[in-house]
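The lines below spell out each chain.
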Amino acid sequence: MRSIKSLTLDELAGQFKALGEPAYRAKQVIEWLYLKRTGRFDEMTNLPAGLREKLSAEFNERPLEVVRKTGSKDTTQKFLFRLRDGQLVETVLIPASPSLYGEVSDRRTICISSQVGCAYGCKFCASGLDGWKRNLDAGEIVDQLLRVEAESGERVNNIVFMGMGEPLANFDNLMRAIGIINAPWGTNIGARHITVSTSGLVPRIRDLADQPLQIRLAISLHGATDEVRNRIMPVNRKYPLAELLDACAYFRSRRKQKLTFEFILIEGVNDSLEQAAELARITKRTDAKVNVIPYNTVQGLPWVRPSEKVQDEFMAVLRQAGAVATLRREKGHDIAAACGQLRLQTLGNDPQGGGGEKPIADAPKLN
Ligand code: SF4
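Reading guide: rules and limits
Residues numbered from 1 in each chain as written. Predicted model: local features only at pLDDT ≥ 70, side-chain atom pairs only at ≥ 80, totals over all residues. Heavy atoms only, no water. Helix = DSSP H or I, 4+ residues; strand = E, 2+ residues; numbered from the N terminus. Expected span 1.5 Å × (residues − 1). Buried < 20%, exposed > 50% of the residue type's maximum accessible area, 1.4 Å probe, protein only. Polar contact = N/O pair within 3.5 Å; in protein donor to acceptor, adjacent residues only side chain to side chain. Axes fitted to C-alpha atoms, helices over the stretch in contact; angles between N-to-C directions. Parallel < 35°, antiparallel > 145°, perpendicular 65-115°, else oblique. Left-handed = near helix turned anticlockwise from the far one by under 90°. Contact = heavy atoms within 4.5 Å. Nonpolar A, V, L, I, M, F, W, Y, C, P; charged D, E, K, R; others polar. Salt bridge = Lys/Arg side-chain N within 4 Å of Asp/Glu carboxyl O. Phe/Tyr/Trp six-rings, centres within 6.5 Å; stacked < 30°, edge-to-face > 60°. Lys NZ or Arg CZ within 6 Å of the ring centre and 35° of its normal. Pairing = 2+ DSSP bridges. Core = buried A, V, L, I, M, F, W, Y, C linked by side-chain atoms within 4.5 Å. Arc of directions from axis to C-beta. Right-handed = clockwise from strand over helix to strand, strands pointing away.

### So, helix α4 (residues 138-152)
Counted at 1.5 Å a residue, the expected span for α4 with its 15 residues is 21 Å, and the 22 Å between its end C-alpha atoms agrees. Among the 15 residues in α4, 13 count as buried, and that is most of the element. A distance of 3.0 Å separates the backbone nitrogen of G139 from a side-chain oxygen at the start of α4, and that oxygen is part of D137. With its phi angle positive at about 75 degrees, G153 sits one or two positions after the end of α4.

### Side note on unusual backbone geometry
The phi torsion at R37 lies on the positive side, around 60 degrees, for a residue other than glycine. When you line up the elements, R37 lands in the loop between α2 (24-34) and α3 (49-58). For R37, a relative accessible area of 26% puts it in the partly exposed group. Even without glycine at this site, D287 takes up a positive phi of about 50 degrees. Look at D287 and you get partly exposed, because its relative accessible area is 31%.

### Thoughts on the packing of α4 against helix α5 (residues 171-182)
Orientation of α4 relative to α5, taken along the N-to-C sense of each, is 45 degrees, at an axis distance of 8 Å. In terms of their interaxial angle, α4 and α5 are classed as oblique. Along this stretch, α4 crosses α5, giving a crossing that reads as right-handed. Within the contact between the two elements, α4 uses A138, I141, V142 and L145 and α5 uses N173, L174, R176, A177, I180 and I181. Residue classes in the contact of α4 with α5 are distributed as eight nonpolar, one polar and one charged.

### What about the pattern of salt bridges?
Within the structure shown, the criterion is met by 22 salt bridges. Here K27 ties to E31 by a salt bridge, and the two come within 3.8 Å at their closest N and O atoms. Of the two residues, K27 and E31 both sit in helix α2, four residues apart, roughly one turn of that helix. Accessibility expressed as a relative area gives 29% for E31, which makes it partly exposed. Here R84 ties to E140 by a salt bridge, and the two come within 3.2 Å at their closest N and O atoms. Placement of R84 in the loop between β4 (77-82) and β5 (88-94) and of E140 in helix α4 is noted, with a sequence separation of 56 residues between them. When its relative accessible area of 40% is taken as the criterion, R84 is described as partly exposed. The network of salt bridges with common partners includes R84, D85, R134, D137 and E140.

### Focus: the packing of aromatic side chains
One pass over the structure, following the stated rule, counts three aromatic pairs. Residues F79 and F81 carry aromatic rings whose centres are separated by 6.0 Å and whose planes lie at 5 degrees to one another, so their mutual orientation is stacked. In terms of burial, F79 and F81 fall into one category: buried. Between the NZ or CZ atom of K36 and the centre of the ring of W32, over which it lies, the distance is 4.0 Å. A cation over an aromatic ring shows up here: R204 above the ring of F171, its NZ or CZ 6.0 Å from the ring centre.

### Examining the sheet that holds strand β11 (residues 216-220)
Through backbone hydrogen bonds, the strands of a sheet pair up, either in parallel or in antiparallel fashion. As summarised here, the arrangement of the 10 strands in space is β3-β4-β5-β6-β9-β10-β11-β12-β13-β14, forming an open sheet in which the pairing is mixed. Bordering the open sheet on either side are β3 (65-70) and β14 (324-327), each of which pairs with just one other strand. The mean angle between the axes of side-by-side strands here comes to 20 degrees, regardless of whether they run parallel or antiparallel. Of the strands in this sheet, β11 and β12 (260-265) touch helix α9 (residues 241-253), which is tilted by about 165 degrees from β11.

### Considering the nonpolar core
In terms of nonpolar packing, the biggest core is built from 96 residues, with F124, F161, F261 and L318 touching the most fellow members. With seven residues, the single largest contributor to this core is α5. In this structure, L318 is in contact with A276, L279, A280, V290, V292, A323 and A325, ignoring residues within four places of it in sequence. Counting residues in each nonpolar core, the second largest holds six residues, with V92, I94, V160 and A218 among its members.

### Examining helix α6 (residues 202-209)
Of the positions making up α6, those classed as buried are V202, I205, L208 and A209. The arc enclosing the buried residues of α6, seen along the axis, measures out at 115 degrees, which places them on a common side. For α6, the secondary structure elements touched by its buried residues are α5, β10 (194-198), β11 and α9.

### With respect to the pairing of β11
Across a regular strand the side chains alternate sides, sitting on one face of the sheet and then on the other. The buried fraction of β11 amounts to five of the five residues, a majority that puts the element mostly inside the structure. Burial along β11 is two-sided: R216, A218 and S220 facing one way and L217 and I219 facing the other are all buried. Two strands pair when backbone bridges link them, and β10 and β11 are joined in this way by four bridges, in the parallel orientation. Following the sheet pairing, S197 is matched in β11 by A218. Taking the sense of rotation as the criterion, the β-α-β connection linking β10, α6 and β11 turns out right-handed. Pairing analysis gives three bridges linking β11 to β12, with the strands arranged parallel. Along β12, the bridge assignment pairs A218 with T260.

Below you can see the structure in the form of structure tokens.
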């Protein structure tokens, strides 16, 4: 059974026509979903009872179920949701300050998951540890936003697809969800307030660049040379750095906004001054900005955060070379440290998850 939140207004009008219902009923349903914020057909009181029954038979109306919630109004809040097939996904709400890009702003940012698990197996990431299970459909992606707003009482105004999964590997559902999130009849969040983060799926970066919406792009770079990226990001063997940077340049040529590189700093892996110099060169060449994020330890993984002295020296090289760079040291506020852990922690204790010890602590998760 399909989620009604996967459909656009026009598609729903078409469905209603097929059910022998007038098109204006679609607008009424959409108003319930995104204005009055109920997905329950029995609460849609301006619809005839017969139509509500037809809708119940045709569409899934069950919202995501909250399994766990951590944090409070003034801190990062994490939500663990159970999907209709029992799979778990995680969504994170980051309070108004600080912003993802280090600016002072009133951004209330949500970090949305696009897949259950991830197939890309980046060596530092909690989300890939359990493998890929399935793609989320557009309704499940949109519903993360609706449920977090309902649970928190906050209105989100900034979206980042940096939760569990590689968003560009679920391209069609991602774009459909973004269309609904961006639509005036949907949640009406501007495309410039939506960022898609990728580990580097080159063909899909080009596809994203060709979309008319001015969506932002963040690249999980984490290595400034093929040698380093190959070591920690298997995707680089398929799409090496030169191809990735060409795709970034293409994206940049189609957008007014700079793109962002995310760079987790890991001791002895990518924290050398040579890496910093190369990163500066790449950043300037692509007219990008870079967020440097000291690694947060994941239990069971061998990587370590460099000392603050090393972090500062790395940043000094970037800045001296004229790169636009921000060091994001704050623990807990950092979106990069936000996603991918709660699900694994719960899977470790949840009969549906199969049990076993799983990494739980401050796992970096960058798209
Ligand atoms: S960093 Fe992104 S692409 Fe890499 S394993 Fe984690 S979720 Fe997948």
